[in-house]
Amino acid sequence: MREDHLGRFQMLWDCPFCGSEKLLGLDHRHCPGCGSPQAADKRYYPPEGEEIAVEDHPFHGADRVCPACQTPMSKAADFCGSCGSPMDEAAAAKLKAEARPALPAPAPEPAPKKKGLAAFLGLGCVLTVFGALALFCLVAVFWKKEAGVTVTGHSWARSIAVEQQAKVSEKAWKEDVPAGASGVSCSKEQKSTKRVQSGEECTTVRKDKGDGTYDKVNECKPTYKEEPVYGERCSYSVMKWQTRRTETAGGTSTGDTIAWPVVRLGAGEREGARSEDYTVRFRLDDGKDGSCSTTQQRWASLSPGSTWTAKVSVIGGGIDFEALSPR
Ligand SMILES: [Zn+2]
Ligand SMILES: [Zn+2]
């Protein structure tokens, strides 16, 4: 925060004995009307337009109040000018606080009602879906019943993707365009925003110095705004490995020799990702059919026609294979 010093001015005080008003905090240590000493705790800030500047006044610190007669004395004084008491045990005069005017409130943005409602509804929907989903999962995991199960079939599948380089169209910011890209064409687009200073917001405050004067200070805080940052958005073509075809192998018996498919690579081809699946089909005692993917080892251990006690999810009727036990 920046502070601009706008000058030093006299605090004012009113004499409680003779009624003299707007006496000067620095110059009138005693009432010019009746000679009563100034009461440091009765000082106040002058009204707007009645400020009296203090020129070349050395600041020694806040006044001290004479412990014997309550007269405020400059901190530089060793003895009270009013009654002669020593000032070394005197307490500092209390400072007048000024309530700071509140900063001007930023103009409220007229929020479009429709948008607000849409955002609210959107959030509501997300929450509802999420809530429903979470509830479903909890039920699926924890709400289970025991059921008799017979293994009715098996199937397995293994596949290998075959890839070939092919031209693909992509978009990226200029600095992220890969080497070897062709047909690059860029245009200006907003990439992000940045915070920049837009100006400052200043408040004038008055600070009691405690010696019958106060400082007027302009306190300024920078204000900011968001500014768009532009970049070059480019579209281009680049050669990338793409899946051209998938070689598969599979069967329906635990007696099969399970192997990866034979891949014959053509010119410019290479092997890509591999995947495998082992599915067991089963029939519940109530006649419902179902199936479940599992590990190869578990798949092979569930022989056709074997019966088990399983924990079956009530919703969806899925079977938890980890919970199978022999009957
Ligand atoms: Zn007086
Ligand atoms: Zn005194």
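Residues numbered from 1 in each chain as written. Chains lettered and ligands numbered in written order. Predicted model: local features only at pLDDT ≥ 70, side-chain atom pairs only at ≥ 80, totals over all residues.

(A) A look at the overall build of the protein chain. Check the secondary structure of the protein chain and you find two helices and 13 strands. Across the 327 residues that make up the protein chain, the buried fraction comes to 14%. A separation of at least 24 residues holds for 68% of the contacts in the protein chain among residues at least 6 apart in sequence. (Helix = DSSP H or I, 4+ residues; strand = E, 2+ residues; numbered from the N terminus. Buried ≥ 20, exposed ≤ 12 C-beta atoms within 10 Å, placed from the backbone. Contact = placed C-beta atoms within 7 Å.)

(B) Quick peek at the sheet that holds strand S5 (residues 72-73). Reading across from one edge, S5-S4-S6 is the order of the three strands in this open sheet, with antiparallel pairing throughout. In the strand order of this sheet, the two ends are held by S5 and strand S6 (91-92), each with one partner. In this sheet, S6 lies alongside strand S4 (residues 64-65) in antiparallel orientation, the contact comprising two bridges. Its bridge partner lying in S6, Val 65 is registered against Ala 91. (Pairing = 2+ DSSP bridges.)

(C) Representation of unusual backbone geometry in the model. Of note in the backbone geometry, Lys 22 takes a positive phi value of approximately 55° without being a glycine. Take Lys 22: it is sitting in the loop between strand S2 (12-13) and strand S3 (23-24). Positive phi, close to 70°, is recorded for Gln 70, a residue that is not glycine. Along the polypeptide, Gln 70 turns up in the loop between S4 and S5.

(D) Region of interest: the confidence of the model for the protein chain. When pLDDT is averaged along the protein chain, the result is 83, and 83% of the positions lie at 70 or above. Confidence over residues 102-141 falls short of pLDDT 50; this stretch has eight contacts with residues more than four positions distant or in other chains. (pLDDT = per-residue confidence, 0-100.)

(E) Local environment of the pairing of strand S8 (residues 182-208). Counting buried positions along S8 yields one of 27 residues, so the element is predominantly exposed. Pairing of S8 with strand S9 (residues 213-251) involves 23 bridges; the strand directions are antiparallel. Bridged to Glu 189 within S9 is Gly 231.

(F) Region of interest: the pairing of strand S10 (residues 269-284). Where S10 meets strand S11 (residues 289-294), six bridges bridge the pair, whose relative direction is antiparallel. Directly across from Thr 279, in S11, lies its bridge partner Ser 293. Where S10 hands over to S11, the hairpin turn is made up of four residues, of which Gly 287 adopts a positive phi near 100°.

(G) Quick peek at the environment of Glu 50. Here Glu 50 lies in the loop between S3 and S4. We classify Glu 50 as exposed; it has 10 C-beta atoms within 10 Å. With 28 residues separating them in the primary sequence, Glu 50 and Lys 22 have C-alpha atoms 9.6 Å apart.

(H) Main features of the environment of Pro 178. Along the polypeptide, Pro 178 turns up in the loop between strand S7 (144-173) and S8. For Pro 178, a count of 11 C-beta atoms within 10 Å translates into the label exposed. For the pair formed by Pro 178 and Tyr 236, sequence separation is 58 residues and the distance between their alpha carbons is 9.4 Å.

(I) Inspection of the environment of Ser 192 at higher detail. Following the sequence through the fold, Ser 192 ends up in strand S8. Judged by the 10 C-beta atoms lying within 10 Å of it, Ser 192 is exposed. Taking the C-alpha atoms as reference points, Ser 192 and Tyr 230, separated by 38 residues in sequence, lie 7.0 Å from one another.

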